[in-house]
Amino acid sequence: MSRIIYIDGEYVNEDKAKVSVFDHGLLYGDGIFEGIRAYNGRVFKGKEHIDRLFCAAKALMLEIPLTKEEVAEVLVETCKRNNLTDGYIRLVVTRGKGDLGLSPTKCKTATIFCIAANITLYPDEMYENGMPIITASQRRNKATIIDPQIKSLNYLNNILAKIQANQAGVLEALMLNHDGIVAECTGDNIFIIKDGVIYTPPLHVGILDGITRNTVMELARGLGYEVYEKEFTQYNLYNADECFLTGTAAEVIAVTSVDQRVIGSGKCGSITKKLLAAFKEHTKLDGLEIK
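Novice: Give me the pairing of strand β1 (residues 4–7): which residues, what numbers.
Specialist: The two faces of the sheet receive side chains in turn, since in a regular strand these alternate between them. What you see with β1 is no split at all: Ile4 and Tyr6 on one side and Ile5 and Ile7 on the other are buried throughout. Relative to strand β2 (residues 10–13), β1 is paired through four bridges, and the arrangement is antiparallel. Paired with Tyr6 across the strands is Tyr11, a residue of β2. Two elements, β1 and strand β6 (residues 111–117), share two bridges in a ladder whose sense is antiparallel. When the bridges of β6 are listed, Tyr6 appears paired with Cys114.

In structure tokens:
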């Protein structure tokens, strides 16, 4: 069955959902996006995703042609039209149609589209057994180049690291910043646990301000754990008791080896399991209702 896509004020079959070859999102990666999950008939953390989208648009001086309330309606309506109560939503705003020059001033109106579908990032067994990752030689962008807090359509930095993961036969790669500090993975934020204390890199090292990341930190503190945003290196990661990744598509998943160094027991740790369970419960309660 053909999906129904929202694009520029219309809901159309996916074969009718098209952007111009002159769209600067396609030509130059000039645009932003949000990956969002729906659980149990709710758009999870919908408000937070919309707020982050508008913050990124402000940074790029990109005018979104809808209000926040209208964007929320688009998210809900796109899910409804696709009979989606559990799944993945991709919301994209591009600079819009222009000419072959770089200047964004030639793009009169932004393009906005929304897709509601499904996504499987990692096999189910990895949520039980954990996953191996490697460290990519590709360094994370500096904030003075393209700030990783902007979820832009230019993901080549991440893709080059993902290629290294693929070549190494694993599904994810760790990225360091230019000072050798652990930043994040190609599509997920990273956490380590040592002696019962949870650590995650701070924003200034060059990471996305992940919504799942923030949710897990809040849940962990609610469970009584100490959580710190603190710089650390590969040495600290190799010697951690547990390690896990967070992301909208990934949710919460354990890392059991990094660069062939076994993390902790080599299995999904007890604290990681508790956080995954707490996150699953939280998804039942939070979000924009799909009516």
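Novice: Break down unusual backbone geometry for me, with residues and values.
Specialist: If you check the backbone angles, Asn83 has positive phi at about 50° while not being a glycine. Along the polypeptide, Asn83 turns up in the loop between α3 (68–81) and β5 (87–94). For Asn83, a relative accessible area of 64% puts it in the exposed group. Of note in the backbone geometry, Asp259 takes a positive phi value of approximately 55° without being a glycine. Inspection of the secondary structure puts Asp259 in the loop between β14 (251–258) and β15 (261–262). Under the relative-accessibility criterion, Asp259 is labelled buried at 17%.

Novice: Which residues make up the sheet that holds β1, and what values go with them?
Specialist: Taken in spatial order, the seven strands of this open sheet run β2-β1-β6-β5-β3-β4-β16, and their pairing is antiparallel. Two strands bound the open sheet, and with one partner strand each, they are β2 and β16 (288–289). Taken together, the two bridges between strand β3 (residues 31–39) and strand β4 (residues 42–43) define a ladder with antiparallel strand orientation. Opposite Tyr39, over in β4, you have Arg42 as the bridge partner.

Cut-offs applied
Residues numbered from 1 in each chain as written. Predicted model: local features only at pLDDT ≥ 70, side-chain atom pairs only at ≥ 80, totals over all residues. Heavy atoms only, no water. Buried < 20%, exposed > 50% of the residue type's maximum accessible area, 1.4 Å probe, protein only. Helix = DSSP H or I, 4+ residues; strand = E, 2+ residues; numbered from the N terminus. Pairing = 2+ DSSP bridges.

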